[in-house]
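# Chain and residue survey
What follows is the residue order along each chain.
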Amino acid sequence: GKKMEVDLPAPFLAWLRENDIDPRVYTIAHELKRYFRIPHATHMPIEVLREQVHTSVESVPWLPGFFSVDSSIRLQDVELYRTGQLFGMDVSSGVAVHCLALKPGDHVLDLCCAPGAKLCMIAEHVSGGSVTGVDISLPRLATCRNMMVDKYGIPNTRLFLADSRHFTIPPPASGARADEAQQLNRYKRKRRARQCADAAMLGIRGTTGDETPRLFHVSERFEIERPGIEYYDKVLVDAECTHDGSVKHIVKFDKWGWESFQDRFLSPARLSTLADLQRGLITAGFRMLAIGGTLVYSTCSLAAAQNEEIVTWFLSQYPAARLVSVDLPGAPARPSARAGLEQTLKFDPLHSGTSAQFIACFTRLPEAAGAEQLATKLMRRVDHP
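Please read all numbers here as calculations on a predicted model, not as lab measurements. All residue numbers refer to position in the chain's written sequence, counted from 1. Thresholds applied to this predicted model are a pLDDT of at least 70 for local features of residues and 80 or more for the giving and counting of side-chain atom pairs; totals over whole chains, interfaces and linings are not thresholded and use all residues. By convention in this description, side-chain values take in all heavy atoms of the structure and omit both hydrogens and water.

## Here we look at the overall build of the protein
The helix count covers DSSP runs of H or I at least four residues long, the strand count covers runs of E at least two residues long, and both are numbered beginning at the N terminus. Looking only at helices and strands, one finds 14 helices and 14 strands in the protein. Here's how the labels work: a residue is buried when its accessible area is under 20% of the maximum for its type, exposed when over 50%, partly exposed in between, all with a 1.4 Å probe on protein chains only. Out of the 385 residues belonging to the protein, those deemed buried represent 51%. In what follows, residue pairs with any heavy atoms lying within 4.5 Å of each other are defined as contacts. Once local pairs closer than 6 in sequence are excluded, the contacts in the protein between residues at least 24 apart make up 73%. For the protein, the computed accessible surface area is about 18200 Å², with 54% contributed by carbon and sulfur atoms. Each accessible area is a Shrake-Rupley estimate made with a 1.4 Å probe; only the visible protein chains count as cover when residues are assessed.

## Here's the deal with the pattern of salt bridges
Just to be clear on terms, a salt bridge is a Lys or Arg side-chain nitrogen sitting within 4 Å of an Asp or Glu carboxyl oxygen. Per the counting criterion, the structure on display carries 13 salt bridges. When the shortest N-O distance is used, the salt bridge between Lys234 and Asp106 registers 2.8 Å. With Lys234 in strand 9 (residues 232-238) and Asp106 in the loop between helix 4 (91-98) and strand 5 (107-110), this residue pair connects regions lying 128 residues apart in the sequence. Residue classification places Lys234 among the buried positions, given a relative accessible area of 6%. Overall, the relative accessible area of 2% leaves Asp106 in the buried class.

## Overview of the confidence of the model for the protein
Confidence of the prediction at every residue is given by pLDDT, a number between 0 and 100. Here the protein shows a mean pLDDT of 85. Residues at 70 or above account for 85%. Within the protein, no element has a lower average pLDDT than helix 14 (residues 371-383), which sits at 54, and none a higher one than strand 5, at 97. Across residues 199-209, where pLDDT falls below 50, the model places 8 contacts with residues more than four positions away in sequence or in other chains.

## Details of the nonpolar core
Only buried residues count toward a nonpolar core. Its members are Ala, Val, Leu, Ile, Met, Phe, Trp, Tyr and Cys residues joined through side-chain atoms within 4.5 Å. Trp62, Leu63, Val95, Ile122, Leu159, Val296 and Leu328 are the most contacted members of the largest nonpolar core, which totals 41 residues. For this core, the secondary-structure elements that each account for two or more residues are helix 4, helix 5 (117-125), helix 6 (138-151), strand 7 (157-161), strand 13 (345-347) and strand 14 (357-364). Discounting chain neighbours no more than four positions away, the residues touching Val95 are Trp62, Leu63, Leu328, Phe347 and Ile359. With 31 residues, the next largest nonpolar core counts Val235, Leu281, Val311 and Phe358 among its residues.

## Topic: the packing of helix 11 (residues 268-287) against helix 12 (residues 308-317)
Whenever a helix is involved, its axis is fitted only over the stretch in contact; in every case the axis is a line through C-alpha atoms, and angles between N-to-C directions fall within 0 to 180 degrees. The contact between helix 11 and helix 12 brings their axes to 10 Å, and the two run at 50°. The pairing of helix 11 with helix 12 is recorded here as oblique in orientation. In this structure, the crossing between helix 11 and helix 12 has a hand that is right-handed. Here helix 11 contributes Ala275, Gln278, Arg279, Ile282, Thr283 and Phe286 to the contact with helix 12, which in turn contributes Ile310, Trp313 and Phe314. Gly falls in the polar group here, along with every residue not listed as nonpolar (Ala, Val, Leu, Ile, Met, Phe, Trp, Tyr, Cys, Pro) or charged (Asp, Glu, Lys, Arg). Of the residues in the contact of helix 11 with helix 12, the class split is 6 nonpolar, 2 polar and 1 charged. Note on terminology: angles under 35 degrees are roughly parallel, angles over 145 are roughly antiparallel, angles of 65 to 115 are roughly perpendicular, and the others are oblique. Crossing chirality is assigned from the near helix's rotation relative to the far helix, an anticlockwise turn below a right angle marking it left-handed and a clockwise turn marking it right-handed.

What follows is the structure, given as C-alpha cells:
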C-alpha cells in the first residue's frame, strides 16, 4: 500500500530515536485493520458477520473469537455492535487477556481497568469467580461502569477508584453486597500500617493524601465458588505508558495538533515519573497474586524502558517471580531479543498488522528464596539465639 505522510514533530522524532523505535511505524496507520470480537461461548458464522458488518471481515486464526475488518468501517454503525453482540477491541489487547489463561472460578484483578474492554472480556471467562477493576481516573472509571453495567450487564464485578500502586483489597469475601462495605472498612483500619511497610520496602517517601480505595461499583450479588480467599488467581497490569504504539491514535494528532500530544505523553515530568509508576504497578499486582497464579504485564509502547527494563528490574527485585512463555502459536509477534527475556512478546505494527503491544507473563513461586525467608530466619534467630 501507499505510505501515508505524517509530519512528526522534532521532539517526538528525537524521543523515537532515543528509544530505538522506527518512525516508519506511523506511515502504515491507515493500513492497519480494525478488530472486534464476539463474546466468549457465542458462535457467529463468518457469513453472518460478513453480511451484518462488512464483506471484508476475516477471522484472526491465532486468537479465537477475534475478527478483522477494513479500517474504514465504523462499528458504531453496525447493529450487532449497538445491541452488544460484538465488542470493538484491538487484537493485541485481546492477547493480554488471553495470556491470563482464565478459567471458571478465577478471581481476577485488573489494576488499570478503564475504559473496560479487557474487563468485559475477562468477566466472560470466569463464571463462579470475580472481577475487580481498579483505576485512578474517575471519568474513565465512569465510562467503564456504563459499559459494563448498563450496556452489557456484567455480573460478579467490583470497580474501585484508587491509586493502583496501593491497592491491597482481597477478592470478594462472600456473595453479599453488604459484606463488601464492611470489608472495605476493615481494610481502611489495617491500611496505614501496611502502607508504611510498603513505603519502606519500595523506598517511597511518605505517601500523602487519602489513598483509601473508593468502592465505585459492586454487583448486587456474587455467585462465588471460593469465597474468602486472600489473593487473586490472575492479575492484569496493562500499565499506563506513552501510548506510542497506538499508531492509529497517534497519527490523529496530525489533525488535532501535536502540542496536546507532547503535553500529554512526552512532558519531561511525565516521562521521569513513568518508569516509577510502572514499577509501582507491577509490584502492587504481584503483591496481590496467589502462589501459582498468573500475572500479565503489558503496555502499548515500543520503548524498552517501559517494557524489557521494567521486567528486568522486577525479576531482580522479586525472586519468587518467574517468567513463563506466552503460548500463542501463529501470532505475528516476536520474542524479545534481550538475553533472559525471550519469553516476552512484542507486537510491532510494521510486522504484526496490529497496534503495538508488549506482553510479559509471570507466575508466583512459593517464597523459596528472598525477603520473606530472610525475615523468618531473622525472627527465628531472635527466638532461639
